[in-house]
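Residues per chain are reported as follows:
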Amino acid sequence: MPEWLQAGGWGLLAGSALLIGAAAGWFARAPQRVTASIMAFGAGVLLSAASYELIEVAHDKGGLLPTVIGAAAGAAAYTLANVALARRGARNRKRSGTWQPSEGDQPGSGSAIAVGAVLDGVPESVVIGASLVSGGGTVSLVTVVAVFLSNIPEGLSSAAGMRQAGRSRRFVFLLWAGIALASGVAALLGNTLLGGASPGALAAITALAAGAILAMITDTMVPEAFENAHLLVGLITVAGFLTAFALSHV
């Protein structure tokens, strides 16, 4: 199987977890404390993956300067795009309660939330495709598993919030199905466009994705994780971090 097709398949697999989470968020109607706990675990998983599977790998391949520049650029690009989307109603797209605006409250917010959800998922998927390049044709299973595990709480929390905002089931599931497909395409492009990249360029792009992911975690996942937080949320976040860390050393 061609490497680019493998990359797309792995990205689609990781993105499919968003649909699983969305189904749970729409139909299960979990208490907010349960949703916050699941999101805390997902945030811990992504923090570990960004640290050890992205930043550390980028540093090993390209050195300190490309890593720092890439991570700073990724965080800045994500933040600027997120500011623009927040002004259009997508600020609380990962929240499960009554934070998300309805279309009646803020016309156009549905489209902004959709674009924001794509913005959150693209860096993760690009990294999956790039891992095939840096791994000599072998995907980083730790990255795939980490993205898959973190996508479940993201889809769950966001879908629950969309339901609270009065959005239709059709909107929610078409949105997450589309983002799952976009994840596959992003992983495919990440593989094909980076195939001939130098170690320094590959390190910078990997770090860029890491910076965007870290900005996304603190902006959209952490607020939900600590909403109505109970005393175990910090422990759950560390459990997620250690789970991903252990996977990277198995």
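Fair warning: this is a prediction, and the values are worked out from it, not measured in the lab.

Trainee: Just to check I follow, could you spell out the UniProt feature "transmembrane region" (unreviewed entry) in the chain for this structure?
Mentor: UniProt tags residues 6-27, 34-52, 64-85, 171-190, 196-217 and 229-247 as "transmembrane region" (unreviewed entry). Helix makes up 100% of residues 6-27 and strand 0%. Its end C-alpha atoms lie 32 Å apart. This span, residues 64-85, is 100% helix and 0% strand, and a straight line between its end C-alpha atoms measures 32 Å.

Trainee: How do you make sense of the environment of G129 when you look at a structure like this?
Mentor: Along the chain, the position of G129 falls in helix α4 (residues 109-134). Sequence separation between G129 and G8 is 121 residues, and the spatial gap between their C-alpha atoms is 7.3 Å. The contacts of G129, once residues within four sequence positions are left out, are A7, A187, G190 and N191.

Trainee: What is the right way to look at a nonpolar patch on the surface in this model?
Mentor: Taken together, M1, W4 and L5 make up a surface patch of nonpolar side chains, about 360 Å² in accessible area. Positionally, M1 belongs in the segment before α1 (3-27).

Trainee: Is there a simple way to explain the environment of A146 in this structure?
Mentor: With respect to the helices and strands, A146 occurs in helix α5 (residues 141-164). Considered as a pair, A146 and L247 are 101 residues apart in the sequence and their alpha carbons are 8.9 Å apart. Setting aside residues no more than four positions away along its own chain, A146 makes contact with V45 and A49.

Trainee: How should the nonpolar core be read in this particular structure?
Mentor: One recurring pattern in soluble globular proteins is that nonpolar side chains are buried together. With 18 residues, the main nonpolar core has L46, L54, Y78, I213, M216, I217 and M221 as its most contacted residues. Among the elements that make up this core, the one with the highest residue count is helix α7 (residues 199-225) (nine residues). Ignoring anything within four residues of it in the chain, the contact list for Y78 reads R93, L119, D120, A212, A215, M216 and T220. By size, the runner-up hydrophobic cluster in this structure holds 16 residues, among which are A90, A112, A114 and I179.

Trainee: Would you mind going over the packing of aromatic side chains with me for this structure?
Mentor: For any pair of aromatic rings, the description consists of the separation of the ring centres together with the inter-plane angle of the planes. Evaluation of the coordinates by the stated rule reveals four aromatic pairs. Note on W26 and F173: the rings are 6.3 Å apart at their centroids and 70° apart in plane angle, and the pair reads as edge-to-face. Taken together, the residues W26 in helix α1 and F173 in helix α6 (residues 169-193) connect sequence positions 147 residues apart. W26 sits in the buried class, given a relative accessible area of 10%. With 6.0 Å between their ring centres and 25° between their planes, F27 and F173 make a pair best called stacked. Of this pair, F27 sits in helix α1 while F173 sits in helix α6, and the two are 146 residues apart along the sequence. These aromatic residues form a ring-pair network of at least three members: W26, F27 and F173.

Parameters at a glance
- Residues numbered from 1 in each chain as written.
- Predicted model: local features only at pLDDT ≥ 70, side-chain atom pairs only at ≥ 80, totals over all residues.
- Heavy atoms only, no water.
- UniProt positions renumbered as here; feature names shortened; annotations may be inferred.
- Helix = DSSP H or I, 4+ residues; strand = E, 2+ residues; numbered from the N terminus.
- Contact = heavy atoms within 4.5 Å.
- Patch = residues over 30% accessible without salt bridge, like charges linked within 9 Å, V, L, I, M, F, W, Y side chains within 5 Å.
- Areas by Shrake-Rupley, 256 points an atom, 1.4 Å probe, with all protein chains shown as cover.
- Salt bridge = Lys/Arg side-chain N within 4 Å of Asp/Glu carboxyl O.
- Core = buried A, V, L, I, M, F, W, Y, C linked by side-chain atoms within 4.5 Å.
- Buried < 20%, exposed > 50% of the residue type's maximum accessible area, 1.4 Å probe, protein only.
- Phe/Tyr/Trp six-rings, centres within 6.5 Å; stacked < 30°, edge-to-face > 60°.

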